[in-house]
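# Examining the three-dimensional arrangement
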Amino acid sequence: MNDLTRRRLGLLGGATAVGTGLAVSPARAATAPTPVASAAVIGPGDARYQDLVRGINYRFIGQPDHVRLATTVAQVRGAVADAVRENRRIAVRSGGHCLEGFVGDPAVRAVIDLSQLTGVYADLPRGAVVVEAGATLGTVYEVLFKRWGVTVPGGVGPQIGAGGHISGGGYGALSRLHGLVVDYLNAVEVVVVDASGQARTVVATAAADDPNHDLWWAHTGGGGGNFGVVTRYWLRDPHATGNSPATWLPQPPAALLLAQYRWPWAQLDETSYTRIVANFTRWHEANSAPGAPERALFAVLSLNSVNTGDLGLTVQVDATAPNAAGLLRDFVAALGEGTSVAPVGNQRTLPWWDAFRYSSFADFGPGIGNRVKLKSSYLRKSYTPAQLATLYRWLSRAGYPGRAATVLLAGYGGRINSLRADERAIPQRDSVIKAQYSVRWIDPAEDELHLSWVRGLYRELFADTGGVPVPGDRHDGAYINYPDVDLADAAWNTSSTAWSTLYYKGNYPRLRQIKKRWDPQDRFHHALAVRPAE
């Protein structure tokens, strides 16, 4: 897998409204910091300031009055209380992977950085694993696996912070097998601001009789930065038994069968290209039921622009699944059905931890300084022939010079689709593909060039529904962990469907009521924030 493909796969996890910090070792993650009275105040004169006001997307660099670097929950609560008293607009970060300018908004005057809240440990009385909001996914996976032989089905980018990733749903390469991370959310700790302006810490649980239950539900896909500051998550399989952390969460496959293939542009015409894309989506239509044995296979088809790379396929299969090799062989054959173009590639089997690092844990170094724009959609059914032609036309434009422009089609469904749309705040529970439409570049002078490309492709792709993926028979809205402010812009969303419906569908009215209860002063908001009920 080349570096560019790995960097793209890093976006499969996503984060929103929170995010910057480096991964730390399990030993560091288990070490409690020395308590101090209040979070460090880092202002523009501090050498650390510039690193703490920018995240992965260099289109947005904040200029807050200060950053509060918290190491304890008490410090977070104190930082929120100070911001409220001083009437400073608040933003929160853990991993720095927000794709829009929620944290870098010029109106934000106080950033609360959670990157030092990195603990991952067992809470024996509650019977769940605690993940602090600043822990990066790389740390979470390593601690869970090496200590207890378990994992969670989150994103593949190791530097993504748990804070925003989990609150937006948490999706990754094991989700077809095990569902979303929020399907394992047992409890959440949140610093909220009440109607009197007082900051307090609340623990909300999955228990139906918990008076704070609605706050728990809001964090099962309601997005980051909406209701307060998440400081800790408790994770446990709702069906788990036993008093050992080794039984609380799913075990990863013992080994993964990994494969990579590509179809060179020079060997593809529009008919063969669109046939392969259609075959990929149709296979997922037929093989994404919650109990389907094919959910052991997860695949990403990379529809790269002609100047970015070839049409690429990355696959992982649970190597312990019955006939894993046959499943992979039949899948690749299904993608080529009706074409005469054979892909070139390779495959190998590795123990899970080695395979996971090999295929996912990218060095983001070449991507530092990138400016990013990303859009998303869920597919319930394959693209129409007209949509497939649109994809081919925009991706094959030789005159567009972008070298990091792509559409990723990632497998969805399986265990994800075992819950009802209202059981968690994230409502997309009968889709089969999650699609990303993204572009990256370095030079600010090229902003309009690259933004126009991805915006134009997306608008034409969904021309029949006002330029956006309106929930319906074929599409099912967008993913809040890939935030896109264009969906709230009448210039780009000409449908009668609000951005909030695209992300949350019928769950949005409940989220608004929860917002009204837990953030009545609307202290936590951004361009795509849940609005309090009137």
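Please read these numbers as outputs of a predicted model, since none were measured by experiment.

Rules used throughout
- Position numbers for residues count from 1 along each chain, tracking the sequence in the order it is written.
- Owing to the predicted nature of the model, reporting of local features is limited to residues with pLDDT of at least 70; listing and counting of side-chain atom pairs is limited to 80 or more, with chain, interface and lining totals taken over all residues.
- Values reported for side chains reflect all heavy atoms of the structure, with hydrogen atoms and water molecules removed beforehand.
- Here a helix means four or more residues in a row that DSSP labels H or I, a strand means two or more in a row labelled E, and each is numbered from the N terminus.
- When accessible area is computed with a 1.4 Å probe and restricted to protein chains, residues below 20% of their type maximum are described as buried, those above 50% as exposed, and intermediate ones as partly exposed.
- The protein chains shown are the only cover counted for residues, whose accessible areas, like all others here, come from Shrake-Rupley with a 1.4 Å probe.
- When charges are counted, Lys and Arg are positive and Asp and Glu negative, with His and the chain ends excluded.
- For the purpose of locating charges, the reference atoms are NZ of Lys, CZ of Arg, CG of Asp and CD of Glu.
- Residues belong to a common nonpolar core when they are buried Ala, Val, Leu, Ile, Met, Phe, Trp, Tyr or Cys residues joined through side-chain atoms within 4.5 Å.
- Two N or O atoms form a polar contact when they lie within 3.5 Å of each other; inside protein one atom must be a possible hydrogen donor and the other a possible acceptor, and for residues adjacent in sequence the pair counts only when both atoms belong to side chains.
- When checking whether two residues touch, look at their non-hydrogen atoms; a contact exists if any pair is within 4.5 Å.
- Only centres within 6.5 Å qualify two rings of Phe, Tyr or Trp (six-membered ring in Trp) as a pair; their planes then separate them into stacked at under 30 degrees, edge-to-face at over 60, and tilted for everything else.
- Multiplying 1.5 Å by the residue count of a helix minus one yields the expected span of that helix.
- The pairing criterion for strands is at least two bridges between them, as found by DSSP.
- Note on geometry: axes are C-alpha line fits, over the in-contact stretch for helices, and angles between N-to-C directions span 0 to 180 degrees.
- UniProt positions are given in the numbering used here, feature names are shortened, and annotations may be inferred rather than shown by experiment.
- Regarding the arc, it is the one traced by the directions from the helix axis to the C-beta atoms.
- Think of a salt bridge as a Lys or Arg side-chain nitrogen and an Asp or Glu carboxyl oxygen that are within 4 Å of each other.
- An angle counts as roughly parallel when it lies under 35 degrees, as roughly antiparallel when it exceeds 145, as roughly perpendicular when it falls between 65 and 115, and as oblique in every other case.
- Think of it as three bins: nonpolar holds Ala, Val, Leu, Ile, Met, Phe, Trp, Tyr, Cys and Pro, charged holds Asp, Glu, Lys and Arg, and polar takes everything else, Gly as well.

### Notes on the overall build of the protein
- Looking only at helices and strands, one finds 15 helices and 16 strands in the protein.
- Based on the C-alpha atoms only, the size of the protein along its principal axes is roughly 70 × 55 × 45 Å.
- Across the 534 residues that make up the protein, the buried fraction comes to 64%.
- Entry remark: accessible area of the protein is about 18,500 Å², with carbon and sulfur atoms responsible for 51%.
- If the 53 positive side-chain charges of the protein are averaged to one point and the 46 negative ones to another, these points end up 2 Å apart.

### Brief notes about the nonpolar core
- Counting residues in hydrophobic clusters, the biggest one holds 149 residues, and the most contacted among them are Val-80, Leu-303, Leu-313, Phe-331, Leu-409 and Tyr-437.
- With ten residues, the next largest nonpolar core counts Ile-42, Val-67, Leu-69 and Ala-91 among its residues.

### Description of the side chain of Asp-183
- Considering the arrangement of structural elements, one finds Asp-183 in the loop between helix 7 (175–178) and strand 7 (185–193).
- Judged by relative accessible area, Asp-183 falls into the buried class, the value being 8%.
- A polar contact is formed between the side chain of Asp-183 and the side chain of Arg-429, at a distance of 2.8 Å.
- Sequence-distant contacts of Asp-183, defined by excluding residues within four places in its chain, comprise Pro-238, Leu-419, Arg-424 and Arg-429.

### Points about the packing of aromatic side chains
- Throughout the structure, instances matching the rule amount to 23 aromatic pairs.
- Measuring from ring centre to ring centre gives 6.4 Å for Tyr-378 and Tyr-479, while their planes differ by 75°; the resulting arrangement is edge-to-face. Within this pair, whereas Tyr-378 is found in strand 14 (residues 371–379), its partner Tyr-479 is found in the loop between helix 13 (447–461) and helix 14 (499–504), the two being separated by 101 residues in sequence.
- By relative accessible area, which is 0% here, Tyr-378 ends up buried.
- For Tyr-479, a relative accessible area of 1% translates into the label buried.
- For the pair Tyr-400 and Trp-453, a centre-to-centre distance of 5.2 Å together with 5° between the ring planes defines the contact as stacked.

### Overview of helix 10 (residues 324–336)
- End to end, helix 10 covers 19 Å across 13 residues, agreeing with the expected 18 Å (1.5 Å per residue, within 8%).
- For helix 10, the full list of buried residues reads Ala-324, Gly-326, Leu-327, Leu-328, Phe-331, Val-332, Leu-335 and Gly-336.
- For helix 10, the secondary structure elements touched by its buried residues are strand 10 (255–263), helix 9 (270–286), strand 11 (297–304), strand 12 (311–318) and strand 13 (344–351).
- Once helix 10 ends, the next one or two residues include Gly-338, with phi positive near 85°.

### Structural notes on the sheet that holds strand 6 (residues 128–132)
- Across the sheet, which stays open at both edges, the five strands sit in the order 5-6-9-7-8 with antiparallel pairing between neighbours. Each of the sheet's edge strands pairs with one partner strand only, and the pair in question is strand 5 (120–123) and strand 8 (199–205). Direction aside, the axes of adjacent strands within the sheet are offset by 25° on average.
- Here strand 6 pairs with strand 9 (residues 229–235) via four bridges, running antiparallel. Bridging across to strand 9, Glu-132 finds its partner in Arg-232.

### Some words on unusual backbone geometry
- Backbone geometry places Asn-87, a non-glycine residue, at a positive phi of 55°.
- Relative to the helices and strands, Asn-87 is located in the loop between helix 4 (73–85) and strand 3 (90–93).
- For Lys-505, which is not glycine, the phi dihedral falls at a positive 50°.
- Position of Lys-505 among the secondary structure elements: in the loop between helix 14 and helix 15 (508–518).

### Let's talk about the sheet that holds strand 15 (residues 405–411)
- Strand order in the open sheet made by the seven strands is 13-10-12-11-15-16-14, with antiparallel pairing throughout. The open sheet has two edge strands, strand 13 and strand 14, and neither has a second partner. The average undirected angle you get between the axes of adjacent strands in this sheet is 15°.
- As paired elements, strand 10 and strand 13 share eight bridges and run antiparallel to each other. Considered in strand 13, the bridge of Ala-255 is made with Pro-351.
- Together, strand 10, strand 11, strand 12 and strand 13 form the strand contacts of helix 10, whose direction differs from that of strand 12 by roughly 155°.

### Things to note about the UniProt feature "domain: FAD-binding PCMH-type" (unreviewed entry) in the protein
- As annotated in UniProt, the feature "domain: FAD-binding PCMH-type" (unreviewed entry) corresponds to residues 60–240 in the numbering used here.
- Counting secondary structure, residues 60–240 comes out at 23% helix and 24% strand; the distance between its end C-alpha atoms is 42 Å.

### Observations concerning helix 15
- Inspection of helix 15 places Tyr-508, Leu-511, Ile-514, Lys-515 and Trp-518 among the buried residues, and these make up the whole buried set. Taken around the axis of helix 15, the buried residues stretch over an arc of 115°, which confines them to a single face.
- Residues of helix 15 that are buried in the fold lie against strand 7, strand 8, helix 8 (213–218) and helix 14.

### Details of the side chain of Asp-113
- Turning to its location among the elements, Asp-113 is positioned in strand 4 (residues 110–113).
- Since its relative accessible area comes to 0%, Asp-113 is described here as buried.
- Within the structure, the side chain of Asp-113 is placed 3.3 Å from the side chain of Arg-93, a separation counted as a polar contact.

### A closer look at the pattern of salt bridges
- Throughout the structure, instances matching the rule amount to 34 salt bridges.
- For Asp-484, the salt bridge identified is with Lys-375, shortest N-O distance 2.9 Å. Here the residue Asp-484 occupies a position in the loop between helix 13 and helix 14, and Lys-375 occupies one in strand 14, the gap between them amounting to 109 residues. One exposure class covers both Asp-484 and Lys-375, and it is buried.
- Between Lys-515 and Asp-522 there is a salt bridge, with its nearest N and O atoms 3.2 Å apart.
- The structure contains a network of salt bridges with shared partners spanning Asp-65, Arg-68, Asp-82, Arg-85, Glu-86, Arg-88 and Arg-109.

### Structural notes on the packing of helix 9 against helix 10
- Direction vectors running N to C along helix 9 and helix 10 enclose 135°, while the axes themselves pass 7 Å from each other. When the axes of helix 9 and helix 10 are compared, the pair comes out oblique. Along its contact with helix 9, which presents Ile-276, Asn-279, Phe-280, Trp-283 and His-284, the element helix 10 presents Leu-327, Phe-331, Ala-334, Leu-335 and Gly-336.
- In the contact of helix 9 with helix 10, the residues fall into seven nonpolar, three polar and no charged.

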